[in-house]
Amino acid sequence: AYVIQEIDKWKDLGSKFVLQVFRDFVITKNKTFLEEMWPVIKEVIDYSLKNFDKNHDFMIENEGYPDQTYDVWSANGCSAYCGGLWVAALKACRWMASEVEDIENYTAYTQAYKKAKQIYHSLWNGHYYNYDQSNNTHHNSIQSDQMAGNWYAVSCGIGGIVPFDQAQSSLNTIYNFNVKGFQNGQIGAVNGVRPDGSLDTSCLQSYEVWTGVTFAVIAELLQLELTEEAFATLRGMINTSYNRWGYIYDTPEAWTIDGKYRSKAYMRPLSVWAIQWVMENKQFSASDEYDMMMEKQLATKMASLMTTHKREQEEEHKSLDQQKSQQQQPQQNTDTQQPTLIQQ
């Protein structure tokens, strides 16, 4: 059993659950499934806000210990990885609320999404998103997984959570520092690099290559029109994992610069299918224009739904008023005596 950290306090799991439900709905179009999962999704969001948003700004905060899937790599405050997944989850919740016609929670999630998105933007340093908001020495490390939330939102067809140019700049930075700048791009994207190009050695996981994360980075590069960089990274992964080190049927979670692996036959490398998903769904764009189009589409849909809901409420109130008025009218006496004929 897993005993390293208390996973009920991890800041990324709730967001991932919400996004996976939305992903499955996008793929299957199964509205019954979404309606069944909707109460659970609301509970997950409520739990996260209640327990992880300490300053009530609608952004969940890491708590200074490894409280996410990087379970030996500490983060504090808003972080690029967990914060991005959270913003993406809130954006997905708005779309799911529209599908199940939950106007009240659509409004609440829209407010939360806009405020959390502003907080997340505070990590932007002009080139990429800082690791977290802390004063730790690694607060401005270049994390290869920093755009996980944006990748997932774009993959689900609802547009990104950050402007296209910032997402592209972040992926360019990741490619130049974490991929090309690390073993000349031959063994994947190392998790953490310092702004001076040296490895982030703050913990074991910061200087590992995570195969599943690298596959996700490749998918992100494709989304952001960095095609040459994407396939250069993929070639390095294939040559190393399968041709050089022989991990064809048991791809590990991680390896280091010298080829030492950890956790063979791991599940995260299944993100390799995300590359094919991007290639087969090019209509799901990361561009600002696409995001604006989708936001307009959502706003139009919700405006129509709100109008219909208001009309139905007005008709219901009118019907209730009529019933109440009828009940208050005086009853006519139905016991009047019939006239009798008096014979003389």
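The structure displayed is predicted, hence computed values, not measured ones. (Residues numbered from 1 in each chain as written. Predicted model: local features only at pLDDT ≥ 70, side-chain atom pairs only at ≥ 80, totals over all residues. Heavy atoms only, no water.)

What about the nonpolar core?
The tendency in soluble globular proteins is for nonpolar side chains to be buried side by side.
Right, so step 1: Counting 94 residues, the largest nonpolar core has Phe-22, Met-96 and Tyr-120 as the members making the most contacts within it.
Right, so step 2: Contact partners of Phe-22, with chain neighbours within four places excluded, come to Ala-92, Trp-95, Met-96, Cys-156 and Ile-158. (Core = buried A, V, L, I, M, F, W, Y, C linked by side-chain atoms within 4.5 Å. Buried < 20%, exposed > 50% of the residue type's maximum accessible area, 1.4 Å probe, protein only. Contact = heavy atoms within 4.5 Å.)

Structural notes on the packing of aromatic side chains
Right, so step 1: Applying the stated criterion across every chain yields a total of 14 aromatic pairs.
Right, so step 2: Between Trp-38 and Tyr-109, the ring centres sit 6.1 Å apart and the planes meet at 85°, which makes this aromatic pair edge-to-face. Taken as a pair, Trp-38 in helix 2 (residues 31–52) and Tyr-109 in helix 4 (residues 103–121) lie far apart in primary sequence, 71 residues in all. With respect to burial, Trp-38 and Tyr-109 carry one shared label: buried. (Phe/Tyr/Trp six-rings, centres within 6.5 Å; stacked < 30°, edge-to-face > 60°. Helix = DSSP H or I, 4+ residues; strand = E, 2+ residues; numbered from the N terminus.)

Re the packing of helix 3 (residues 80–99) against helix 4
Right, so step 1: Contact geometry of helix 3 with helix 4 gives a least axis separation of 9 Å together with a crossing angle of 155°. Compared by their axis directions, helix 3 and helix 4 come out roughly antiparallel. Read as a crossing pair, helix 3 and helix 4 show a hand that is left-handed. Contacts between helix 3 and helix 4 pair Ala-80, Gly-83, Gly-84, Trp-86, Val-87, Leu-90, Lys-91, Cys-93, Arg-94 and Ala-97 from the former with Asn-105, Tyr-106, Tyr-109, Thr-110, Ala-112, Tyr-113, Ala-116, Lys-117 and Tyr-120 from the latter.
Right, so step 2: Considering only residue class, the contact of helix 3 with helix 4 consists of twelve nonpolar, four polar and three charged. (Axes fitted to C-alpha atoms, helices over the stretch in contact; angles between N-to-C directions. Parallel < 35°, antiparallel > 145°, perpendicular 65-115°, else oblique. Left-handed = near helix turned anticlockwise from the far one by under 90°. Nonpolar A, V, L, I, M, F, W, Y, C, P; charged D, E, K, R; others polar.)

A word on the pattern of salt bridges
Right, so step 1: Counted by the stated rule, this structure contains 13 salt bridges.
Right, so step 2: Lys-11 is the salt-bridge partner of Glu-63, the closest N and O atoms lying 2.9 Å from each other. With Glu-63 in strand 1 (residues 62–63) and Lys-11 in the segment before helix 1 (13–28), this residue pair connects regions lying 52 residues apart in the sequence.
Right, so step 3: Note that Asp-24 is salt-bridged to Arg-23, the shortest N-O span being 3.0 Å. (Salt bridge = Lys/Arg side-chain N within 4 Å of Asp/Glu carboxyl O.)

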